[in-house]
Amino acid sequence: MLFVRRAITVAVLLVSLTIGCGGSTGGGPAASDETISGRVVEYFGKAVSTPGVTFKVTKIEPSEIPGWRKGHLEAALGEQKQDVPFYISNDGRYLFRSDAIDLTVDPFQAVMQKIKLDGAPSRGPADAKVTIVEFSDFECPYCSQAWEIFEKEVLPQYGDRVRFVFKQMPLTQIHPFAEDAAVASMCALQQGNEQFWKLYNGLFAKQNEITKENLPAKVEEIATAAGLDVPKLKDCMQGRKSLDAVKADQAEAAAVGVGGTPTFFVNGRRVQGADANAFKQAIDQALGAKS
């Protein structure tokens, strides 16, 4: 849905320029949520020319900026959906697409506050000084490279000084079996944290052997060797009972601005790609930082 995102970005930029040039946040009477929703949908319906895209305002609420409200616009093209957060003046006249930034909050802490760690697959002590979060895709070749680096170079070097948390970000537009693999791994998590990591390792180790068609058989092979409850795992996969958990991770990825995989956050500091030196530099900085 990249082309839709670009179209929306251009359209919102045009609205933002209206605000900047006008130098006003709108001084008219407050508009109702219904009026605002209608205006936003009508505007983007005209501004975005991509055939088949529909718009719906899903939420409007008070914001932290005086005189403004914040909302969410859902852009849909078939089964693909994109959430577009926005701010709108109380009178419903001006809109901009951005995030409000509280300059009194550490930006790395602000990132970590948007990522749910409880219940996520993790390795290392919960109270470790450094927490590394990876948003990844089991079909992504760069993610496989990052897996090798982490397992062979990074985690053995730092041991219990770091906590490693895995988050799902299957890129379904370009990776056919990524979502199915994500669902399978989260089904394994339902059996326990260690069960997740066993399937995680197997999926990356056998990445080059896996296709969308043979994924169920490969998962069964890995799970059997690792001692998982295979019938329970297959039932979960067939019913896609862990899909909501995968979608929740993807929503978090969007909230922290992740656009590709693998993306890591080391105590909130972004590290992109699969570079061992970049990982170690970020971890060393975090370990040396004052508590």
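Scroll up a little and you will see the structure.
Everything in this summary refers to the structure shown in the same document.

Conventions used here
Position numbers for residues count from 1 along each chain, tracking the sequence in the order it is written. Local features are withheld for residues below a pLDDT of 70 in this predicted model, meaning they are given only at 70 or higher, and side-chain atom pairs are given and counted only at 80 or more; totals for whole chains, interfaces and linings count all residues. With hydrogens and water set aside, each side-chain value is computed from the structure's full complement of heavy atoms. Criterion for a salt bridge: a side-chain nitrogen of Lys or Arg within 4 Å of a carboxyl oxygen of Asp or Glu. Under the scheme used here, helices are H or I runs from DSSP no shorter than 4 residues and strands are E runs no shorter than 2 residues, and both carry numbers assigned from the N terminus. Note on classification: 1.4 Å probe, protein chains only; a residue is buried when its accessible area is under 20% of the maximum for its type, exposed when over 50%, partly exposed between these limits. Here, any two strands with at least 2 DSSP bridges between them count as paired. Every residue pair with non-hydrogen atoms within 4.5 Å of one another is taken to be in contact. To define axes, lines are fitted to C-alpha atoms, for helices over the stretch in contact only, and angles between the resulting N-to-C directions are given on a 0 to 180 degree scale.

### Overview of the pattern of salt bridges
- Scanning all chains against the criterion turns up 19 salt bridges.
- Here R123 makes a salt bridge to E151, at a shortest N to O gap of 2.7 Å. Highlighted residues: R123 in strand 5 (residues 122–123) and E151 in helix 4 (residues 141–158), separated in sequence by 28 residues.
- Classification of R123 by relative accessible area gives partly exposed; the value is 27%.
- By relative accessible area, which is 21% here, E151 ends up partly exposed.
- Where K152 meets E148, a salt bridge forms, and the shortest distance between an N and an O atom there is 3.0 Å. Pair noted here: K152 and E148 are both in helix 4, with a separation of four residues, about one helical turn.
- Residue class for K152 comes out exposed when judged on its relative accessible area of 61%.
- Here the residues in one salt-bridge network are E179, D180, K212, R240 and K247, joined through shared partners.

### Topic: the pairing of strand 8 (residues 263–266)
- Here strand 8 shows a buried face lined by T263 and F265 and a second buried face lined by F264 and V266.
- Note that strand 6 (residues 130–136) and strand 8 share four bridges and pair antiparallel. Considered in strand 8, the bridge of I132 is made with V266.
- Where strand 8 lies against strand 9 (residues 269–272), four bridges are found, and the strand directions are antiparallel. When the bridges of strand 9 are listed, F264 appears paired with V271.
- In textbook terms, the turn of a hairpin is the stretch between consecutive antiparallel strands, and for strand 8 and strand 9 this stretch comprises two residues, one of which, N267, has a positive phi near 50°.

### Description of the sheet that holds strand 3 (residues 80–89)
- Across the sheet, which stays open at both edges, the four strands sit in the order 1-2-3-4 with antiparallel pairing between neighbours. Of all the strands in the sheet, the pair left with one neighbour each is strand 1 (54–62) and strand 4 (95–96).
- The pairing of strand 3 with strand 4 spans two bridges and is antiparallel. Looking at the pairing, Y87 lines up with F96 of strand 4.
- Running at roughly 145° to strand 1, helix 2 (residues 33–47) makes contact with strand 1, strand 2 (68–77), strand 3 and strand 4 of the sheet.

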